[in-house]
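# Notes for the structure review
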Amino acid sequence: MDTMTDLDTALFAGLCRLGDSTLVLGHRVSEWCGHAPVLEEDIALANVALDLIGQTQMWLGLAAEIEGKGRDADALAFRRDVWEFRNLLLVERPNGDFGHTLMRQFLFDAWHQPMLKALESSGDPRIAGIAAKAGREVAYHLERSADLVIRLGDGSLESHNRMQAALDTLWPYTGEMMTADATDQALAEAGIMAAPDSIRPEWDALVRDVLAEATLGIPPGTHMHKGGKQGQHSEHLGHMLATMQWLQRAYPDATW
Amino acid sequence: MVSVAQVWDWLADVPDPEIPVISVTDLGIVRDVGLEGETVVVTVTPTYSGCPATAVINFEIEKALRGHGVRDVRLERRLDPPWSTDWLSEEAREKLRAYGIAPPIDGTRAQGVVAGRIKRLTGAALVVPCPRCGSDDTRAVSQFGSTPCKAAWQCNDCLEPFDYFKCI
């Protein structure tokens, strides 16, 4: 029997949206480990992945606590199926080339940083605490991804073209980050989580500035994909989970 | 019966697993020590969310206390306020420098401000003296280094690469 209140149900979903997004992006970025173009970038990618997976443990840990069904962060990460994931569609996009990965990271970081800043004022001190912790790490992520988007966009003709292609592909996946649904609205009204649309002005300004500096053009199309936050995913997520969850599914409750 | 002060003394001898020249108390990650009846309760805060040393640190703390004859130990995690390099003791900073790691320069943590980043890249804001030769003529190689808490730097004078314990 489901004994969660409506607000707890919304909170569980909200926490899964945050934790699943950091988990899926963390896993995607970790796929680069050992494959980046230079050693320093390989290390930086692994560091970012590690931060994101650490943040996942906090968000999904709290989600499991709110749910109160005896699951923990690992159970949520490794035992749920694709339709139960609530991550943004942007983060499940395949890595593509290095520039593509960095463009995806920048578009996410530019949302992640102001979102965490807003969550620091959450009426729930547990959420405020996690946001304050994660925010300090994400400040480094954003500075790095913005810097590399500028360098590669305003770099050689080849790097510029690749960055523009990445932006053209990824742009339609950015709208979902700043579109509120009923769950988001309930959490915002309760003073627990910032409304996604409240992040838009800061995201717009930052993205516009960095892309201009990078000599990249924002695509003219206005169509935006959505559904990840409600569990409707692209085919890519299932393939990723098959790899990510393999061990825990083959050997349930395996420990070190 | 063990005292709180005694436990703090013991913890001051528990080395950080990644940087063994400093202790867990030097690092500022032990936030509280308390007694609940016979149980020693140690509250620890993680450095970075995903720091893989966290589990090892907890294990080392428990092992050290048990080694001193404490039977009941409970470790608690506290996230808030988030750990900051501001909490590194002066002594710890000197130990880091002697070990070849440039200690953090307070007040320079990333703000997520892109213009600030560009300024820092040109070397206008952040000068990290080389922990080996002391030269101020150094450059950042990457903000991300061998562990989450460190950045990769290089000295332009003695040419040695070195770790910088970055601010957070």
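The model shown is predicted, which means the values in this text are computed figures rather than measured ones. (Residues numbered from 1 in each chain as written. Chains lettered and ligands numbered in written order. Predicted model: local features only at pLDDT ≥ 70, side-chain atom pairs only at ≥ 80, totals over all residues.)

## Some details on the overall build of chain B
- The helix and strand inventory of chain B stands at four helices and seven strands.
- For chain B, the α and β elements follow one another from N to C terminus as α-β-β-α-β-α-β-α-β-β-β.
- Summarising its shape, the C-alpha atoms of chain B cover approximately 55 × 30 × 25 Å along the three principal directions.
- Burial statistics for chain B: of 168 residues in total, 36% are counted as buried.
- In chain B, once contacts between residues fewer than 6 apart in sequence are set aside, the share between residues at least 24 apart is 53%. (Helix = DSSP H or I, 4+ residues; strand = E, 2+ residues; numbered from the N terminus. Buried ≥ 20, exposed ≤ 12 C-beta atoms within 10 Å, placed from the backbone. Contact = placed C-beta atoms within 7 Å.)

## Considerations on the pairing of strand β6 (residues 150–155) of chain B
Residues and elements named next belong to chain B.
- For β6, the tally of buried residues reaches five of six residues, placing the bulk of the element in the interior.
- In terms of strand pairing, strand β5 (residues 138–142) meets β6 through four bridges, oriented antiparallel. Each residue of the ladder has a partner; that of Ala140, found in β6, is Trp153.
- Strand direction decides the pairing type here: β6 and strand β7 (residues 161–165), joined by five bridges, are antiparallel. In the strand pairing of β7, Ala151 is matched with Tyr164. (Pairing = 2+ DSSP bridges.)

## A short note on the sheet that holds β6 of chain B
Residues and elements named next belong to chain B.
- Taken together, the four strands give an open sheet; going across it, the order is β4-β7-β6-β5, and neighbouring strands pair in mixed fashion. Only two strands of the sheet have a single partner each, and these edge strands are β4 (101–102) and β5.
- Examined bridge by bridge, β4 and β7 share two bridges and lie parallel to one another. Paired with Ala102 across the bridge in β7 is Tyr164.

## What to know about the interface of chain B and chain A
- Taken together, the contact pairs 21 residues of chain B with 28 residues of chain A.
- Those elements that provide at least two residues to the side of chain B that touches chain A are α4 (114–121) and β5 of chain B.

## Description of the sheet that holds strand β2 (residues 39–44) of chain B
All names here are of chain B.
- Read across the sheet, three strands follow the order β1-β2-β3 without closing on themselves; strand pairing throughout is mixed. Whereas interior strands pair on both sides, the edge strands pair on one side only; in this sheet they are β1 (30–36) and β3 (72–77). Averaged over all neighbouring strand pairs, the angle between strand axes comes to 20°, with direction disregarded.
- As paired elements, β2 and β3 share six bridges and run parallel to each other. When the bridges of β3 are listed, Val41 appears paired with Arg74.
- Where helix α1 (residues 4–11) meets the sheet, it contacts β1 and β2, and its direction lies at approximately 140° from that of β1.
- Against the sheet, helix α2 (residues 53–67) engages β2 and β3, with an angle of about 155° to β3. (Axes fitted to C-alpha atoms, helices over the stretch in contact; angles between N-to-C directions.)

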